[in-house]
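Observations on the model geometry
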Amino acid sequence: MFEVLSDKLNNVFKRLGGKGKLSEKDIDEALREVRLALLEADVNFKVVKEFVARLRERALDSQVLESLTPAQQIIKIVNEELTAMLGGTASHLVPAGRPPTKVMLVGLQGSGKTTTAAKLALYLKNSGQRPLLVAADMRRPAAIEQLSVLGGQLGIPVYHEEAPAKPASVCANAIKRAQELATNWIIADTGGRLHIDAEMMGEVEEIKAEFEPDEVLLVVDAMTGQDAVRAAQEFHSRLNLSGLILTKLDGDARGGAALSIKAVTGVPIKFIGVGEKSNELEPYHPDRLASRILGMGDMLTLIEKAEKSFDEERVMQLGEKIRRATFDLEDFLGQLQEMKKMGPLNQIVDMIPGLSSLARKMPDAIDERKIKKIEAIILSMTPQERRNPDVIDGHRKRRIARGSGTTSQDVNQLLNMFRQTQKLMKQMARGKGLGLLGSMFR
Ligand SMILES: Nc1nc2c(ncn2[C@@H]2O[C@H](COP(=O)(O)OP(=O)(O)OP(=O)(O)O)[C@@H](O)[C@H]2O)c(=O)[nH]1
Ligand SMILES: [Mg+2]
């Protein structure tokens, strides 16, 4: 559902990543684009405003701007703030102290209540619970039938009564049935209306009063945009909701409204529906959705990996060497070894926005076997040769090649690559760099 938003945000990051050192102006430009992307995706404007303000404050922190990888730091901040906006931590159903736990689903017509009731029951059943479904939508004649069929398919008991029974008393009676059947969850499906009206609210309030649910969950169609947010506010003010279930997140609508629904209403999202089938319900994890939107589950793992394996002090020393342009083969080798600690190089490069294009420019450096070769060659050099490769003449080249099981041509190639890197390092020192990683692949 969030592909367009996802693409736009990724483009912003790619541009940032291509810049290396970032100025306040770069950040403001990027934030403007982030803001636009969110507004176009239909995220509530107030939520966007606050979100961008928080991002700006954190991004302009000198530690971010002066770090070796400012763009990556900013992506990390966006991810954290997006996760916070989406609700922060996961919120689960809370079982009652004394079973059965009573769950009541409410929502507008067609939002997916009946489908979700069945999905939720199946989810609970699969987690080893014993649910009972209750058909408390007495308004639509086919509603009871719809739930009974679903329950039958899933092997989950469904409690229902004939019209003109009142929904509130059906739910109350269902509690007795649950005790008879020794089920420990009751999930009540209620009737929806096209719009919120007094009659509908009266009915659900009455059910709530008699059924005394432990959880009142609003089922929200994520495709309905800001209307969904308004409906959620209204329902919450009348029923004091304990959670939201967003349905139809598999659709291709913009969906941004759904992203702001927690921020606007303060009600946590507990599940998301991602398809019509009964098993297409997932517990909601804000952090996972954020990474999914940013298209960078891998990215974050990588940043963490890089943070762990790059020895901060060594990086500082390298920075100093680069500035003084004394970067030698010894350092080159050190860099290769740092990179190796992080895992297969092609994967790493692919995971970093902005670097995959660089990787293509210098495919030689990414080949693992080639790296082993380079290592062997450098290790066959004397310390003097590593510090000052200019002394390596034809005679020395042959010796190094013999020692490393390579050819003079290989040694030549390495020296050329090193010189290119050295040149880049010098450019980087003049502020055109992409960070250490980037320099490896240019
Ligand atoms: N693609 C998709 N479709 C869904 C999802 N959840 C529900 N639907 C579909 O939405 C339609 C309405 O679902 P229902 O469960 O009948 O909705 P309801 O809220 O019970 O509707 P009323 O009882 O009439 O108020 C059905 O066609 C469902 O298959 C979902 O997560 N993804
Ligand atoms: Mg229904």
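Everything discussed here concerns the structure shown above.
Calculation notes
Residues numbered from 1 in each chain as written. Chains lettered and ligands numbered in written order. Predicted model: local features only at pLDDT ≥ 70, side-chain atom pairs only at ≥ 80, totals over all residues. Heavy atoms only, no water. Helix = DSSP H or I, 4+ residues; strand = E, 2+ residues; numbered from the N terminus. Buried < 20%, exposed > 50% of the residue type's maximum accessible area, 1.4 Å probe, protein only. Contact = heavy atoms within 4.5 Å. Areas by Shrake-Rupley, 256 points an atom, 1.4 Å probe, with all protein chains shown as cover. Salt bridge = Lys/Arg side-chain N within 4 Å of Asp/Glu carboxyl O. Near = heavy atom within 4 Å. Polar contact = N/O pair within 3.5 Å; in protein donor to acceptor, adjacent residues only side chain to side chain. Phe/Tyr/Trp six-rings, centres within 6.5 Å; stacked < 30°, edge-to-face > 60°.

A look at the overall build of the protein
Counting secondary structure elements, the protein contains 22 helices and eight strands. In the protein, which comprises 442 residues, the proportion classed as buried is 52%. Relative to all contacts within the protein whose residues are 6 or more apart in sequence, the contacts with residues 24 or more apart total 74%. Accessible surface computed for the protein: about 20,900 Å², of which carbon and sulfur atoms make up 49%.

A few points about unusual backbone geometry
At the junction of P99 and P100, the peptide bond is cis and its omega measures out at 0° in the coordinates. Tracing the backbone through its elements, the reader meets P100 in the loop between α5 (70-85) and β1 (101-106). Phi angles above zero are rare outside glycine, and N240 is one such case at about 50°. Note on placement: N240 falls in the loop between α10 (226-239) and β6 (243-247).

Quick word on the pattern of salt bridges
Counted under the stated rule, the structure contains 22 salt bridges. Among the ionic pairs, D227 bridges to R230, the shortest N-O distance being 2.7 Å. Highlighted residues: D227 and R230, both in helix α10, separated by three residues, approximately one helical turn. Assessed through its relative accessible area of 48%, D227 is described here as partly exposed. Among the residues examined, R230 registers a relative accessible area of 49% and is labelled partly exposed. Across the pair R419 and D390 runs a salt bridge whose closest N-O atoms are separated by 3.6 Å. Taken as a pair, R419 in helix α21 (residues 408-432) and D390 in the loop between α19 (383-387) and α20 (394-404) lie far apart in primary sequence, 29 residues in all. For D390, a relative accessible area of 61% puts it in the exposed group.

Looking at the site of ligand 1
Every one of the 20 residues lining ligand 1 counts as a neighbour, but G112, K113, T114, T115 and D250 are closest to it. For ligand 1, an oxygen atom lies 3.1 Å from a polar atom in the side chain of Q146. With respect to ligand 1, the backbone of K248 contributes an N or O atom lying 3.0 Å from an oxygen atom. For ligand 1, whose accessible area on its own is 660 Å², the fraction buried by protein is 81%. In terms of residues, the shell around ligand 1 owes the most to one element, helix α6 (residues 113-126), which gives four residues.

Points about the packing of aromatic side chains
Aromatic ring pairs: the centre-centre distance and the angle between the two ring planes describe each pair. Throughout the structure, instances matching the rule amount to one aromatic pair. Ring centres 5.1 Å apart and planes at 75° place the aromatic pair Y123 and F271 in the edge-to-face group. Separated by 148 residues along the polypeptide, Y123 in helix α6 and F271 in strand β7 (residues 269-273) bring together distant segments of the chain.

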